[in-house]
Amino acid sequence: MHSIEHPRYGSWLLATFVALLSGCTPIPLATPAPQPQPSTRPEPTRPAPTPVTVPPTVVPQGPRLDPPKTPRNADELRHQAALRLVAANPEQTYMGKPQDVLLGIPVLEIELNADGTVRHIRVMRSPSEAPETVKIAIEAVYRAAPYGNVSRLPKPWTFIETFLFNDDLRFKPRSLDEG
């Protein structure tokens with residue numbers, strides 16, 4: 001069987017032939033769109049992600065915790081907060097050495113009221129591979145509150161916690177590995 005296409009006329013000849021056989025006028029085929037040429041300019045660098053402010057959420061209660069101690073300084077506040085995060089979330093935490101490659105590492109800045117209740121949470125780092133870890137971390141922070149009377153500490157009453165999530169969606173507060 002011979003091809004109707006001619007190297008010089010290409011598929012236009014075939015379209016005309018088919019149109020003549022069907023009694024229609026030939027429809028010109030669309031010319032291919034020009035292909036975009038690769039840019040010689042380097043891609044612009046992306047700006048750092050803007051921290052996200054998170055409103056309070058309704059969080060199911062965890063185990064009943066003892067009243068928190070009054071922290072004497074910012075380091076004591078962070079350490080006590082990390083211990084409360086683990087105590088208030090026993091099913092979602094681990095205490096061993098973190099695995100080599102973590103599933104997600106959200107970072108939250110927690111602002112407190114004078115009585116140690118959560119005033120505001122700001123997401124400083126949200127992992128792109130496991131975004132659900134941010135919600136788990138935020139709920140864990142609310143569940144562990146209050147964090148102790150901080151009214152005698154210098155303002156702002158904030159601390160930053162990094163959550164080290166493993167493949168089982170369980171976290172360890174990084175503050176527990178420091179000092």
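This text goes with the structure placed above it.
Below is a summary of the structure that appears in this document.

The rules behind the values
- Residues numbered from 1 in each chain as written.
- Predicted model: local features only at pLDDT ≥ 70, side-chain atom pairs only at ≥ 80, totals over all residues.
- Heavy atoms only, no water.
- Axes fitted to C-alpha atoms, helices over the stretch in contact; angles between N-to-C directions.
- Helix = DSSP H or I, 4+ residues; strand = E, 2+ residues; numbered from the N terminus.
- Parallel < 35°, antiparallel > 145°, perpendicular 65-115°, else oblique.
- Contact = heavy atoms within 4.5 Å.
- Nonpolar A, V, L, I, M, F, W, Y, C, P; charged D, E, K, R; others polar.
- Phe/Tyr/Trp six-rings, centres within 6.5 Å; stacked < 30°, edge-to-face > 60°.
- Buried < 20%, exposed > 50% of the residue type's maximum accessible area, 1.4 Å probe, protein only.
- Polar contact = N/O pair within 3.5 Å; in protein donor to acceptor, adjacent residues only side chain to side chain.
- Salt bridge = Lys/Arg side-chain N within 4 Å of Asp/Glu carboxyl O.
- Core = buried A, V, L, I, M, F, W, Y, C linked by side-chain atoms within 4.5 Å.
- Expected span 1.5 Å × (residues − 1).

**Some points on the packing of helix α2 (residues 74–88) against helix α3 (residues 132–144)**
Here's step 1: It is the contact of α2 with α3, at a shortest axis distance of 8 Å, that shows an interaxial angle of 100°. In this view, α2 runs roughly perpendicular relative to α3, as classed from their interaxial angle. Note on element contacts: α3 touches α2 through Ala140, Val141, Arg143 and Ala144, opposite Arg84, Leu85 and Ala88.
Here's step 2: Considering only residue class, the contact of α2 with α3 consists of five nonpolar, no polar and two charged.

**So, the packing of aromatic side chains**
A ring pair, where both rings are aromatic, is described by two values, the distance of the centres and the angle of the planes.
Here's step 1: Following the criterion strictly, the structure yields three aromatic pairs and no others.
Here's step 2: Relative to Phe159, the ring of Tyr147 lies with its centre 5.6 Å away and its plane at 70°, an arrangement referred to as edge-to-face. Placement of Tyr147 in the loop between α3 and β4 (158–165) and of Phe159 in strand β4 is noted, with a sequence separation of twelve residues between them. For the residue pair Tyr147 and Phe159, the accessibility class agrees, reading buried in each case.
Here's step 3: An angle of 50° between the planes, with centres 5.5 Å apart, marks the rings of Phe165 and Phe171 as tilted.
Here's step 4: In textbook terms, an aromatic cluster arises when at least three aromatic residues are bridged by ring pairs, as seen for Phe163, Phe165 and Phe171.

**Thoughts on the side chain of Thr133**
Here's step 1: Among the secondary structure elements, Thr133 is positioned in helix α3.
Here's step 2: The class of Thr133 is buried, set by a relative accessible area of 0%.
Here's step 3: Within the local environment of Thr133, its side chain forms a polar contact with the backbone oxygen of Ala130, the two atoms lying 2.7 Å apart.
Here's step 4: Leaving out residues up to four positions away in the same chain, Thr133 has contacts with Pro106, Pro127, Phe165 and Leu169.

**Here we look at unusual backbone geometry**
Here's step 1: For the bond running from Ala145 to Pro146, omega is 5°, close enough to zero to count as cis.
Here's step 2: Its location among the elements puts Pro146 in the loop between α3 and β4.
Here's step 3: The omega torsion across Lys155 and Pro156 is -5°, close enough to zero to call that bond cis.
Here's step 4: Considering the arrangement of structural elements, one finds Pro156 in the loop between α3 and β4.
Here's step 5: One non-glycine residue, Leu169, lies in the positive phi region at around 60°.
Here's step 6: Checked against the element boundaries, Leu169 lands in the loop between β4 and β5 (171–173).

**Some words on the pattern of salt bridges**
Here's step 1: Taken as a whole and judged by the stated rule, the model has seven salt bridges.
Here's step 2: Between Asp177 and Lys172 there is a salt bridge; the shortest N-O distance is 2.6 Å.
Here's step 3: The exposure class of Asp177 is partly exposed, given its relative accessible area of 42%.
Here's step 4: Note on Lys172: relative accessible area 4%, which makes it buried.

**Considering the nonpolar core**
Here's step 1: Within the largest apolar cluster, 26 residues are counted, with the highest numbers of intra-cluster contacts made by Leu108, Leu112, Val141 and Tyr147.
Here's step 2: Secondary structure elements with two or more residues in this core: α2, β2 (107–112), β3 (118–125), α3 and β4.

**A few points about α2**
Here's step 1: For α2, built from 15 residues, the straight-helix expectation of 21 Å at 1.5 Å per residue is met to within 8% by its first-to-last C-alpha distance of 21 Å.
Here's step 2: Along α2, the residues that are buried comprise Leu77, Gln80, Ala81, Ala82, Arg84, Leu85, Val86 and Ala88.
Here's step 3: Taken together, the buried residues of α2 touch β2, α3, β4 and β5.
Here's step 4: Its side-chain oxygen at 3.1 Å from the backbone nitrogen of Asp75, Asn73 defines the N-terminal cap of α2.

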